[in-house]
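As a plain string of letters, each chain reads:
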Amino acid sequence: MLAGQPDPFDASVAHHAIGFVLREFGDVNAAIRELRAALRAARLAGVADREADVLAALAVALVYAGRTSAGFAAFDQAVSQTRGVNAAQILHRRGIALWTLGRYPEALDDLRRALATFRRSGVPVWTGRALTARALVYLAQGSTGQATLDLQAAEQLFAMAGQELESAYSVHNRGKVAYRSGNLPQALACLDEAAQSYASLDVPIAELAIDRCAVLLTAGLPHDALTHADTAIRDIDQVRGQSTMKTELLLAAANAALAAAQPDVALAHALAARRLFSAQGRQWWHVHAGFVVLRARFAQGTVTAQLSRQAELVASQLEALGSPEAVQAHLLAGRVASRLGRTAAAQLHLSAAARHRSRGPALDRVSGWLAEALLAEAAGNTRRLLFACHRGLDTLDAHRLTLGASELRARATAQGAELAELAQRIAVRSGRARLLLTWSERWRATALTVPPVHPGEDPQLESDLAAARDVASRLSHGPVRGAAATALRREQARLEDAIRARVMRAPGPADAAPAQSFDMRALLDQLQDTRLVQIVNSDGVMHVLVCGDGVVRQVTAGQASQAERAVELARFGLRRLAHNRPADNARSAFAILTATGGQLEETLLGDATRHLGDGPVVVVPPGRLHAVPWALLPSLRGRPVSIAPSARAWQRARATVPPPRQRVVLVRGPGLSSDGGEVPQLAKMHDDVTVLGGGNATTSRVLGAVDGAWLAHIAAHGTFRADSPLFSSLLMDDGPLTVYDFERLHRAPYRLVLPSCDSGMLAPAGADELLGLVASLLPLGTAGVVASVVAVNDHVVAPLMVDLHQRLLDGHTLAESLCGVRLAVADDPALLAAAWSLVALGAG
C-alpha cells in the first residue's frame, strides 16, 4: 500500500499495521518510528478516531520501551479525542498498561468503564478482552474467585466468535489462576496447552516464560526455572523485545537463582531489574525487585542495621500494595531484626507474617506457621514451637496430596525443611531420643508415604518414551557423529522435556488421605532382635538413634562434612578394586578401604556401635548419605544390613505380602562384558522362570514380565542421571528402561536384584527425600532391592549372584543372603569389594 503513494488516511493505516506487528514481535524502537509516521498521516487526514487509535498504539509502544510518562500522555490525549466504543478500546489498552506497571486500582477503573461501554454496544470480542484484562488485575490483587468468573465469561465469548489466539490467551490465564489457587498440576497443564497453541499460531509470548518460571519455582524446581528464565532473556535480547517483559524476566531469574542457592546471581539480576523498573516508572514492580535484592543480600550473609531498616520499609510497602509477597517480606524483616537482637521489631514483623498461617495459598500458610515457630523460639516456648512446626508440615502434606508426580512430591518438601530443622534442633537439645526420632520420621522420605499415581493409558506418554528410547539407542550404538549426533541429542532433550512435563501435570489421587502418623511402639515391637539405626543430620552434626529392646538410645557421632568425604574415598577405593588391577595395587586399595571403613564407622555411628547387639541392623541414613557401602563398616561386616529411606518405609516394606506364585524373571541386557553370565545358571535353579535377553529383552516385554513377579533379576548396564534422576535407567535391547517406565507398573516385583553398575544410586531432593530407580519401586510394592552403589565388574559379580539366589531359595531375606555372600568370599579382595558394593534396600 505504501509503495502505491496512498492518501493520508490509508498511509496512516499502513504505518499503523507495520508498527503494531513490529511492537508485538519485539522491535519496539522501530515500531515507535512507524507509529509516529502513522500519527503524522492521521493528522493530515483530519480523522479524530484514526488519530486517537494511533495515539493509543503509540502509547503502548512507549510504555513497552520504558518511556512511561510519554506513553500515558499519549493515552490521555487519545481518550480526550474520541467517544463510544473507540474510547472504550483506548481505556482497555490503558488499563492493560496500568496493570503491567502494577497500578491496579487505576487499571480496574479504566477496565470497568470500558467493559460497561462494550456491553452496551454489543461487541462480544472486545467485551471478552476487557473481562480477561480485568481478571488479570483481580488475580494480581489475590482475588482468584473474581478472576475465574471473568475468565469463564470471556472464554465463552471467544469460543462463539472463533478467536483462536484469544482462546489461547484464555487457557494461559487459566493456568495463572490455577497457580495462584495452588493447583500446580493444572497450572502446568494449562501453560503447556497454551504453549502448543502459541507455537501452532507462530506467536511468541514472552509472558508465558515468566508464568512458567513462577510455577516451576513453586513446584520446587528452581534450577529449571532459572534455566527457563535465562533462555527467555537471551531470546528477547536477540529480537530486541519488549523492555517491560525483559525486566520481568530478570526478576523471575533473580527469584529462581535465590531458590537455587545462588545469591550472587540473584543479586545481579535483581539489581538490574530494579534499575529498569525505576526507569520505566513501574513502582509496584520496583518495590518487588527491591525485596529480592534484600533477600539476596541476606542469603549472602549480610545482617546489618541498614538491611533491617530496608526490610521493614519493603514489608510495609508490599503490605500497602496488597502484594502476595508481603508475608515473605515480614518474615525477612523479622529474621533480620531477630539476628540483630531487635526483639520488638522482630516480634512485630513475625507476628504480621504469622497472621497468614490460616489463610491464603498453602505455601503462604506454611510460611505463616514458620513465622509462628520463630516467634515461639524467640520466646523460649518449646511446646508452641513444636505445635507450629506440626501444623506447618500438615499444611504442606495436604499440598503434596494435590501432586501426582513423584518428583514434584519430593521437591515440594523443601518448603518445609526449615520447620523440620527447627523441631529437630529442639529435640536434639532436649536429649529426648524418642522426640528426635518422632521428628526425624515426620519429615524423612515423606514423598514415599503418598499413594502412587499410575499414569494409566496415556498413548502420548508411551509414544514419547518409545521415541526417547530409540534416540538414546541410536546415539549409543550407531556410528552417529557431527551434525547428525547434535540433532539427535537435541531431539533427545526435547523428548525428555516433553515426558517430564507430561508426568508433572498428573494430579494427585482424588481420594488420597494423609499418611498415618509414626507409631513408635509398633516399630519397637516389630524390631525384636533387629536394631534400627536412624542417623539425623542436625546443623552439620550426626546424631545416631539406636532403636531396639524396647528403647531408643541417642548418641552424637561426627561431622556430616567428614562423613561425605569418607564416603567418596570409600567409593573410589571400591571402584579401583572393581576392575582389573595389578595385585600390588589391589592390596594397596584393599588396605585403604579397610582403613576408610573404620573412619566411616567413627563418623557415622560413633559410640552407637556399643548398642547394636548381635542381630540384623536396619540403617536409615540422611538422604545425602544414601550411597554409603555400609558393609564396609567393621561393626556391620558380619551381619545382615538393610538400608531404608525411613523407619516407616521399612515397616511398610516388611508388611508387604509376597505374591502367592513364586514367579522369577531373569533379564540379560546388552553390552555387558560378562554377557550376563550368571543368568543361565540362575535359570536352572528356579522352577517358574522367564528368561529375557539376546534381543527379546525389550522394555515392554521386561515390564510385562516383572509386573507382580516374586523375584526379578535384571543384569543390565545402569546409568544414574544426577541431572534428571527419573531418567536414570537400565539398558534394554531397545534402549534405556527409565524410572518413568517403572512407574507405569501396576505392582513392582516383590524382590528385585540389580547387580550391575551403580543401579542403587539415588539423588537427594527436597528436605530429605530421594529420587531414582529404587525410590520409585518401594511405593509400588517392592519389599526389597539388592543394588550396587558403585559401578561393579560384571565378571566378578556373576558368581556372587548365583550364591545370592541359592540363599534366597533357602528362605533367607535379601539382607541375610547378601551377608552370607560377603562372608563366603572374605578371603578374596576383588570378590569382597564387589560384595561390599552391593546393598540391600527395604526389608525383603
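Fair warning: this is a prediction, and the values are worked out from it, not measured in the lab.

What to know about the overall build of the protein chain
Moving on, step 1. For the protein chain, the count of helices and strands is 36 helices and 16 strands.
Moving on, step 2. Scaling as 2.2 N^0.38, a compact globule of 844 residues should have a C-alpha radius of gyration of about 28 Å, and the protein chain matches this with 31 Å.
Moving on, step 3. For the protein chain, the C-alpha atoms occupy an extent of roughly 100 × 65 × 50 Å along the three principal directions.
Moving on, step 4. Out of the 844 residues belonging to the protein chain, those deemed buried represent 57%.
Moving on, step 5. For the protein chain, contacts bridging at least 24 residues in sequence account for 70% of all contacts bridging at least 6.
Moving on, step 6. For the protein chain, the accessible surface area stands at approximately 33,600 Å², while carbon and sulfur atoms represent 51% of it.

Describing a nonpolar patch on the surface
Moving on, step 1. Taken together, the side chains of Phe-9, Val-13 and Val-47 define a hydrophobic patch exposed on the protein surface, amounting to about 190 Å² of accessible area.
Moving on, step 2. Along the chain, Val-13 falls in helix H1 (residues 8-24).
Moving on, step 3. Residue class for Val-13 comes out partly exposed when judged on its relative accessible area of 33%.

A look at the nonpolar core
Moving on, step 1. Membership of the largest hydrophobic core comes to 216 residues, with the highest contact counts inside it found for Leu-600, Leu-604, Trp-630, Val-702, Ile-714 and Phe-742.
Moving on, step 2. Ranked by residues supplied to this core, first place goes to helix H3 (residues 48-64) with 12 residues.
Moving on, step 3. Among all residues touching Leu-600, those that are not within four sequence positions of it are Ala-563, Ala-566, Val-567, Ala-570, Leu-605, Val-628, Leu-632 and Leu-633.

Some remarks on the packing of helix H15 (residues 283-299) against helix H16 (residues 305-321)
Moving on, step 1. At their nearest, the axes of H15 and H16 sit 10 Å apart, and the two run at 145° to each other. Crossing geometry of H15 relative to H16 is assigned as left-handed. Residues Trp-284, Val-287, His-288, Phe-291, Leu-294, Arg-297 and Phe-298 of H15 pack against Leu-307, Gln-310, Ala-311, Val-314, Gln-317, Leu-318 and Leu-321 of H16.
Moving on, step 2. The residue makeup of the contact of H15 with H16, split by class, is 10 nonpolar, three polar and one charged.

Brief notes about unusual backbone geometry
Moving on, step 1. Phi is positive for Ala-261, close to 60°, though the residue is something other than glycine.
Moving on, step 2. You can see Ala-261 is positioned in the loop between helix H13 (243-259) and helix H14 (263-279).
Moving on, step 3. When its relative accessible area of 64% is taken as the criterion, Ala-261 is described as exposed.
Moving on, step 4. Despite not being glycine, Asp-549 has its phi angle at roughly 60°, a positive value.

Some remarks on the sheet that holds strand S11 (residues 735-738)
Moving on, step 1. Pairing is antiparallel in the open sheet, where three strands are placed in the order S9-S10-S11. Looking at which strands have only one partner, the edges of the open sheet turn out to be strand S9 (718-719) and S11.
Moving on, step 2. As paired elements, strand S10 (residues 729-732) and S11 share four bridges and run antiparallel to each other. Looking at S11, one finds that Ser-729 is bridged to Thr-738.
Moving on, step 3. Helix-sheet contacts for helix H31 (residues 699-706) involve S10 and S11, and the interaxial angle to S11 is about 35°.

A few points about the pairing of strand S16 (residues 838-842)
Moving on, step 1. Most of S16 is tucked away: five of the five residues are buried.
Moving on, step 2. When strand S5 (residues 641-643) meets S16, the two strands line up parallel, connected through two bridges. When the bridges of S16 are listed, Ser-642 appears paired with Ala-840.
Moving on, step 3. In terms of strand pairing, strand S15 (residues 784-788) meets S16 through five bridges, oriented antiparallel. Within S16, the residue paired with Val-785 across the bridge is Leu-841.

Here we look at helix H34 (residues 794-809)
Residues spaced three or four apart along an α-helix face the same direction, because each turn holds 3.6 residues.
Moving on, step 1. Over its 16 residues, H34 runs 23 Å from end to end, which matches the ideal 22 Å to within 8%, given 1.5 Å per residue.
Moving on, step 2. Buried within H34 are the following residues: Asp-794, Val-796, Val-797, Ala-798, Leu-800, Met-801, Val-802, Leu-804, His-805 and Leu-808.
Moving on, step 3. Positive phi appears at Gly-811, one or two residues downstream of H34, with a value of about 100°.

Let's talk about the sheet that holds strand S8 (residues 711-715)
Moving on, step 1. Judged by pairing direction, the sheet is mixed, and its 11 strands sit side by side in the order S3-S2-S1-S4-S5-S16-S15-S12-S8-S6-S7 without closing on themselves. Two strands lie at the open edges of the sheet, namely strand S3 (551-559) and strand S7 (689-692), each paired on one side alone. Here the average twist between neighbouring strands, direction ignored, is 20°.
Moving on, step 2. Against the sheet, helix H26 (residues 520-527) makes contact with strand S1 (531-538), strand S2 (541-548) and S3, and its axis sits at roughly 65° relative to S2, the strand it touches most.

Topic: the pattern of salt bridges
Moving on, step 1. Under the defined criterion, the tally for this structure stands at 39 salt bridges.
Moving on, step 2. Of the charged contacts in the structure, one is a salt bridge between Arg-43 and Glu-51, with a shortest N-O distance of 2.9 Å.
Moving on, step 3. Where Arg-212 meets Asp-192, a salt bridge forms, and the shortest distance between an N and an O atom there is 2.7 Å. On the criterion of sequence distance, the pair formed by Arg-212 in helix H11 (residues 206-218) and Asp-192 in helix H10 (residues 184-201) is long-range, its members being 20 residues apart.
Moving on, step 4. On the basis of relative accessibility, which here comes to 14%, the residue Arg-212 falls in the buried class.
Moving on, step 5. Among the charged side chains, a network of salt bridges with common partners joins Glu-462, Arg-469, Asp-734, Asp-741 and Arg-744.

So, the environment of Ala-41
Moving on, step 1. By secondary structure assignment, the location of Ala-41 is in helix H2 (residues 28-45).
Moving on, step 2. For Ala-41, a relative accessible area of 9% gives the class buried.
Moving on, step 3. Separated by 679 residues in sequence, Ala-41 and Phe-720 have C-alpha atoms that sit 65 Å apart.

Concerning the environment of Leu-331
Moving on, step 1. With respect to the element layout, Leu-331 can be found in helix H17 (residues 326-339).
Moving on, step 2. Sequence-distant contacts of Leu-331, that is, excluding residues within four places in its chain, are made with Leu-350, Ala-353, Ser-367, Leu-370, Ala-371 and Leu-374.

Quick notes on helix H9 (residues 164-180)
Moving on, step 1. If you check H9, its first and last C-alpha atoms are 25 Å apart, about what 17 residues at 1.5 Å a residue would give, namely 24 Å.
Moving on, step 2. Within the span of H9, buried status applies to Glu-166, Ala-168, Ser-170, Val-171, His-172, Asn-173, Gly-175, Lys-176, Val-177 and Ala-178.
Moving on, step 3. Close packing links the buried residues of H9 with helix H5 (84-100), helix H7 (124-140), helix H8 (144-161), H10 and H11.
Moving on, step 4. Positive backbone phi, approximately 90°, marks Gly-182, located one or two places after H9.

A short note on the packing of H11 against H13
A pair of packed helices is characterised by two quantities: the angle between their axes and the separation of those axes.
Moving on, step 1. In the contact formed by H11 and H13, the axes pass within 10 Å of each other and the chain directions differ by 15°. As summarised for this structure, H11 and H13 are arranged roughly parallel, according to the angle between their axes. Considering how the two elements wind past one another, H11 and H13 form a crossing that is left-handed. Facing Ala-206, Glu-207, Ala-209, Ile-210, Cys-213 and Leu-217 of H11, the residues of H13 in contact are Met-245, Glu-248, Leu-249, Ala-252, Asn-255, Ala-256 and Ala-259.
Moving on, step 2. Split by residue class, the contact of H11 with H13 holds 10 nonpolar, one polar and two charged.

Some details on the packing of aromatic side chains
The way to describe two aromatic rings as a pair is by their centre distance and the angle between their planes.
Moving on, step 1. The tally for this structure, following the rule as stated, stands at eight aromatic pairs.
Moving on, step 2. With centroids separated by 5.6 Å and ring planes inclined at 35°, the aromatic side chains of Phe-118 and Trp-126 adopt a geometry described as tilted.
Moving on, step 3. An aromatic cluster of at least three residues, connected via ring pairs, comprises Tyr-104, Phe-277, Trp-284 and Trp-285.
Moving on, step 4. The residue whose ring lies beneath Arg-103 is Phe-72, and the NZ or CZ to ring-centre distance is 4.8 Å.
Moving on, step 5. Above the plane of the ring of Trp-369 lies Arg-357, whose end atom (NZ or CZ) is 5.4 Å from the centre.

A few points about the side chain of Thr-247
Moving on, step 1. Turning to its location among the elements, Thr-247 is positioned in helix H13.
Moving on, step 2. Discounting chain neighbours no more than four positions away, the residues touching Thr-247 are Ala-273, Leu-276, Phe-277, Gln-280 and Arg-282.

Describing the state of the cysteines
Moving on, step 1. The final tally for this structure, using the stated rule, is zero disulfides.
Moving on, step 2. Take Cys-190: it sits in no disulfide, and the sulfur closest to it among the cysteines is that of Cys-213, at 17 Å.
Moving on, step 3. Look at Cys-190 and you get buried, because its relative accessible area is 2%.

Cut-offs applied
Residues numbered from 1 in each chain as written. Predicted model: local features only at pLDDT ≥ 70, side-chain atom pairs only at ≥ 80, totals over all residues. Heavy atoms only, no water. Helix = DSSP H or I, 4+ residues; strand = E, 2+ residues; numbered from the N terminus. Rg over C-alpha atoms; globule rule 2.2 N^0.38 Å. Buried < 20%, exposed > 50% of the residue type's maximum accessible area, 1.4 Å probe, protein only. Contact = heavy atoms within 4.5 Å. Areas by Shrake-Rupley, 256 points an atom, 1.4 Å probe, with all protein chains shown as cover. Patch = residues over 30% accessible without salt bridge, like charges linked within 9 Å, V, L, I, M, F, W, Y side chains within 5 Å. Salt bridge = Lys/Arg side-chain N within 4 Å of Asp/Glu carboxyl O. Core = buried A, V, L, I, M, F, W, Y, C linked by side-chain atoms within 4.5 Å. Axes fitted to C-alpha atoms, helices over the stretch in contact; angles between N-to-C directions. Left-handed = near helix turned anticlockwise from the far one by under 90°. Nonpolar A, V, L, I, M, F, W, Y, C, P; charged D, E, K, R; others polar. Pairing = 2+ DSSP bridges. Expected span 1.5 Å × (residues − 1). Parallel < 35°, antiparallel > 145°, perpendicular 65-115°, else oblique. Phe/Tyr/Trp six-rings, centres within 6.5 Å; stacked < 30°, edge-to-face > 60°. Lys NZ or Arg CZ within 6 Å of the ring centre and 35° of its normal. Disulfide = S-S within 2.5 Å.

Purely geometric numbers; function is a separate question.
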